[in-house]
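Architecture and fold: a report
Take a look at the letters that make up each chain.
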Amino acid sequence: MAVSIKSAREIELMRESCKLLADVFYHMEQAVKPGISTYEINEVGDKLIRKHGCIPNFLNYNGFPASICVSVNDEVVHGIPRKDHILQEGDIVSLDAGLIYKGYHSDMARTFGVGEISEDAKLLIERTRQSFFEGIRYAKAGNHLYDISNGIDHYIKQFGYGIVIDLVGHGIGTKLHEDPQIPNFAQKKRGLKLCAGMTLAIEPMINMGRSDVEWLDDDWTVVTEDGSLSAHYENTVLITDGEPELLTLYEGY
Ligand code: MG
């Protein structure tokens, strides 16, 4: 497994890539309202990525037909934007996207409520987000990769939610998906030692029900097998000798 360590110059480019992506998310979040189609959300994100002079890295990735993954309710990830999929009050919607700036990739995801959502849905979103922060408490040079996985798992377990096993986080840099893979569930081994200069996309995907997922016939959309809601939270993270730097964080969220 070859895990890339970024130079100071590369880290600067990653920071800029991630900052621009966070701005795209800020604007997509404003667009999430009852009555908007998932296609229109993709349009908002795609246009802004290009306006920033960047390339949407999800578009055509293994044939994915859009720039933004828009996944609603029981859709976990990789939802394909559609003109006839209109967001309704009470839905939750996960947006996952990335871009390329001067050859450097960024990747992030957030789940938003559409209008007023149930208390259970709010808790799922908030706890999914918190699980990321529980995981990255261990994300520093000298610790091991699976300390992060264990941190996420340990926190989520108490709620009886299902952690998605089939999809994992990943290294990121000049490629969207680099080594290592980063599971969101407990591991018996310790995994590789973390070093300053690694950039990782850490992304817990949490189901309100069981952890099992399945793929729809479009070969992209991943849904929960039991139909329960699913939430996703992801940042591109820089490992340092101290606290990790969350490169895609915006407005503290
Ligand atoms: Mg990712």
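Let us look at the overall build of the chain. Along the backbone of the chain there are 4 helices and 15 strands. A compact globule built from 253 residues would reach a C-alpha radius of gyration of about 18 Å, and the chain, at 17 Å, matches this within 12%. The C-alpha extent of the chain, read off along each of the three principal axes, is 45 × 45 × 35 Å. The burial tally for the chain puts 55% of its 253 residues in the buried class. Partitioning the intrachain contacts of the chain with sequence separation of at least 6 by distance along the chain shows that 71% fall at a separation of at least 24. In the chain, 24 side chains carry a positive charge and 38 a negative one; their mean positions are 7 Å apart.

A separate point is the sheet that holds strand 12 (residues 222-224). The antiparallel open sheet is built from 3 strands, whose spatial order is 3-12-11. Strand pairing shows two members of the sheet lacking a second neighbour, strand 3 (75-77) and strand 11 (213-215), which therefore form its edges. Direction aside, the axes of adjacent strands within the sheet are offset by 40° on average. Bridge analysis of strand 3 against strand 12 gives 2 bridges, and the strand direction is antiparallel. Considered in strand 12, the bridge of Val77 is made with Val222.

Side-chain alternation along strand 14 (residues 235-238) places Asn235 and Val237 on one buried face and Thr236 and Leu238 on a second face that is also buried. Looking at chain direction, strand 9 (residues 199-202) and strand 14 are connected through 4 bridges and run antiparallel. In the sheet register, Ile202 faces strand 14, and the bridge partner there is Asn235. Between strand 14 and strand 15 (residues 245-246), which follow one another and run antiparallel, lie 6 residues.

Protein coordination of the magnesium ion is provided by Asp107 (OD), His170 (NE2), Glu203 (OE) and Glu234 (OE), with donor distances spanning 2.1 to 2.4 Å. All donors to the magnesium ion come from one chain, and their sequence spacing reads D-x62-H-x32-E-x30-E. Here the residue Asp107 occupies a position in strand 5 (residues 104-113), and Glu234 occupies one in the loop between strand 13 (230-232) and strand 14, the gap between them amounting to 127 residues. We note that Asp107, like Glu234, is buried.

Relative to the assigned elements, Pro34 resides in the loop between helix 1 (8-31) and helix 2 (38-51). Through-space distance from the C-alpha of Pro34 to that of Gly90 is 8.4 Å; in sequence the pair is 56 residues apart. The contacts of Pro34, once residues within four sequence positions are left out, are Leu87, Gln88, Glu89, Val114 and Gly115.

What follows concerns the side chain of Arg110. By the secondary structure assignment, Arg110 is in strand 5. Here Arg110 is buried and forms no salt bridge, its nearest opposite-charge partner Glu29 lying at an N-O distance of 7.2 Å. One polar contact links the side chain of Arg110 to the main-chain carbonyl oxygen of Glu234, over a distance of 2.8 Å. In this structure the side chain of Arg110 is engaged in a polar contact, spanning 3.0 Å, whose partner is the side chain of Asn235.

What follows deals with the side chain of Ser94. Mapped onto the secondary structure, Ser94 falls in strand 4 (residues 92-101). Taking the relative accessible area as the measure of exposure, Ser94 reaches 3% and is therefore buried. A distance of 2.8 Å separates the side chain of Ser94 from the side chain of Thr111, its partner in a polar contact. Other than its neighbours up to four places away in sequence, Ser94 contacts Cys69, Val70, Ser71, Val76, Arg110, Thr111, Ser230, Ala231 and His232.

What counts, and at which threshold
- Residues numbered from 1 in each chain as written.
- Predicted model: local features only at pLDDT ≥ 70, side-chain atom pairs only at ≥ 80, totals over all residues.
- Heavy atoms only, no water.
- Helix = DSSP H or I, 4+ residues; strand = E, 2+ residues; numbered from the N terminus.
- Rg over C-alpha atoms; globule rule 2.2 N^0.38 Å.
- Buried < 20%, exposed > 50% of the residue type's maximum accessible area, 1.4 Å probe, protein only.
- Contact = heavy atoms within 4.5 Å.
- Lys, Arg positive; Asp, Glu negative; His and termini not counted.
- Charge placed at Lys NZ, Arg CZ, Asp CG, Glu CD.
- Pairing = 2+ DSSP bridges.
- Axes fitted to C-alpha atoms, helices over the stretch in contact; angles between N-to-C directions.
- Donors = N, O, S within 2.8 Å, 3.2 Å for Na, K, Ca; no water.
- Salt bridge = Lys/Arg side-chain N within 4 Å of Asp/Glu carboxyl O.
- Polar contact = N/O pair within 3.5 Å; in protein donor to acceptor, adjacent residues only side chain to side chain.

Just geometry here; none of it tells us what the structure is for.
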